[in-house]
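Residue-level listing of the chains:
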Amino acid sequence: MTSKNKGKWLNILAGSLAIAGIGLSVLHYFIKPYNPGFLKFATLTNLHIILGIIYLVLAPFQFLAVVRSRSMAYHRWVGRVLLLFALIVGITAFVMSIVIPFSGWIESIIAGFFSLIFIWCIVQGFLTIRAKKAALHREWMIRAFSLGIGIASTRLIFVPLYFSLVNPTLKDIQILFITCFALAFSLHLIFAELWIRKTRLKKVVK
């Protein structure tokens, strides 16, 4: 498979996960939340979900060369909005991991860790583009977006495994959820780094 085809399939995969993330986020408003804390901290939860949906809707288009080539002004304007929204999403995710963890203190540590990485990526993305380092900006935004769609993979892994369990207890579900969460986000971060290194080396060779 050529690099061009690999890039095409990667875009399709990323777009599909973004759509899945959007759908799962919207579903939150139509079914009873699995975490009672979502209702207790409704404002925090809604801020995280709504801005997260906007981020997942707009962010994929920021990576399309055709969008940047046709309207850099649009890319920059939307980019500023997304950086702000993503920062809020990351901060609310960190706070939620502390105040309403579904799987207890283990989730607070794991989810808080990945939230901080996401926030770091967003901050670095802002600083690098302010310094006019477009290549580094791209890399930090890839890392951030890959983490941003990690929750979709978490649920796509969790659901079939959940239905494979026989009479699971709440503890079983909690352990399964945080395991899927850690696995999905770790894989997303590793894959993003591999893709960045591959495309970076490709540019150097050229």
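The rules behind these values
- Residues numbered from 1 in each chain as written.
- Predicted model: local features only at pLDDT ≥ 70, side-chain atom pairs only at ≥ 80, totals over all residues.
- Heavy atoms only, no water.
- 1 Å grid on protein atoms, 1.4 Å probe; cavity = no way out; pocket = protein on both sides within 12 Å on 5 of 7 lines; lining within 4 Å.
- Points joined across faces, edges and corners; volume = space filled by probe spheres on them.
- Helix = DSSP H or I, 4+ residues; strand = E, 2+ residues; numbered from the N terminus.
- Nonpolar A, V, L, I, M, F, W, Y, C, P; charged D, E, K, R; others polar.
- Phe/Tyr/Trp six-rings, centres within 6.5 Å; stacked < 30°, edge-to-face > 60°.
- Buried < 20%, exposed > 50% of the residue type's maximum accessible area, 1.4 Å probe, protein only.
- Lys NZ or Arg CZ within 6 Å of the ring centre and 35° of its normal.
- Core = buried A, V, L, I, M, F, W, Y, C linked by side-chain atoms within 4.5 Å.
- Contact = heavy atoms within 4.5 Å.
- pLDDT = per-residue confidence, 0-100.

## Structural notes on the layout of surface pockets
What the second largest pocket holds in volume is close to 1,200 Å³. Tyr34, Phe38, Ile151, Arg155 and Phe177 are the residues nearest the centre of the second largest pocket, which is lined by 41 residues in total. Looking at the lining of the second largest pocket element by element, the count peaks at seven residues for helix H3 (residues 42-62). Tallied by class, residues from the lining of the second largest pocket come to 28 nonpolar, ten polar and three charged.

## Here we look at the packing of aromatic side chains
In total, this model carries 15 aromatic pairs according to the counting rule given. Ring centres of Tyr55 and Phe118 lie 6.1 Å apart, and the angle between their planes is 90°; on these two criteria the pair is classed as edge-to-face. Here Tyr55 is found in helix H3, whereas its partner Phe118 is found in helix H6 (residues 105-130), with 63 residues between them in sequence. Phe118 carries the same exposure label as Tyr55, and that label is buried. One aromatic cluster is present, formed by Tyr34, Phe38, Phe102, Phe113, Phe114, Phe158, Tyr162, Phe163, Phe177, Phe181 and Phe185 through successive ring pairs. One Lys or Arg, Arg143, reaches over the ring of Trp140 and ends 4.4 Å from the middle of that ring.

## A few points about the nonpolar core
Of all hydrophobic cores here, the largest spans 35 residues; its most connected members are Tyr55, Phe118, Ile122, Phe145, Ile149 and Phe181. The set of elements that each furnish at least two residues to this core consists of helix H1 (3-27), H3, helix H5 (72-99), H6, helix H7 (134-148), helix H8 (150-164) and helix H9 (170-205). For this core, the element with the most residues is H9, which contributes seven residues. Contact partners of Phe145, with chain neighbours within four places excluded, come to Ala14, Ala18, Tyr55, Leu56, Ala59, Pro60 and Phe63.

## Some words on the confidence of the model for the chain
Predicted confidence across the chain gives a mean pLDDT of 88, with 92% of residues reaching 70 or more. When the elements of the chain are averaged for pLDDT, H1 gives the smallest value, 72, and H6 the largest, 96.

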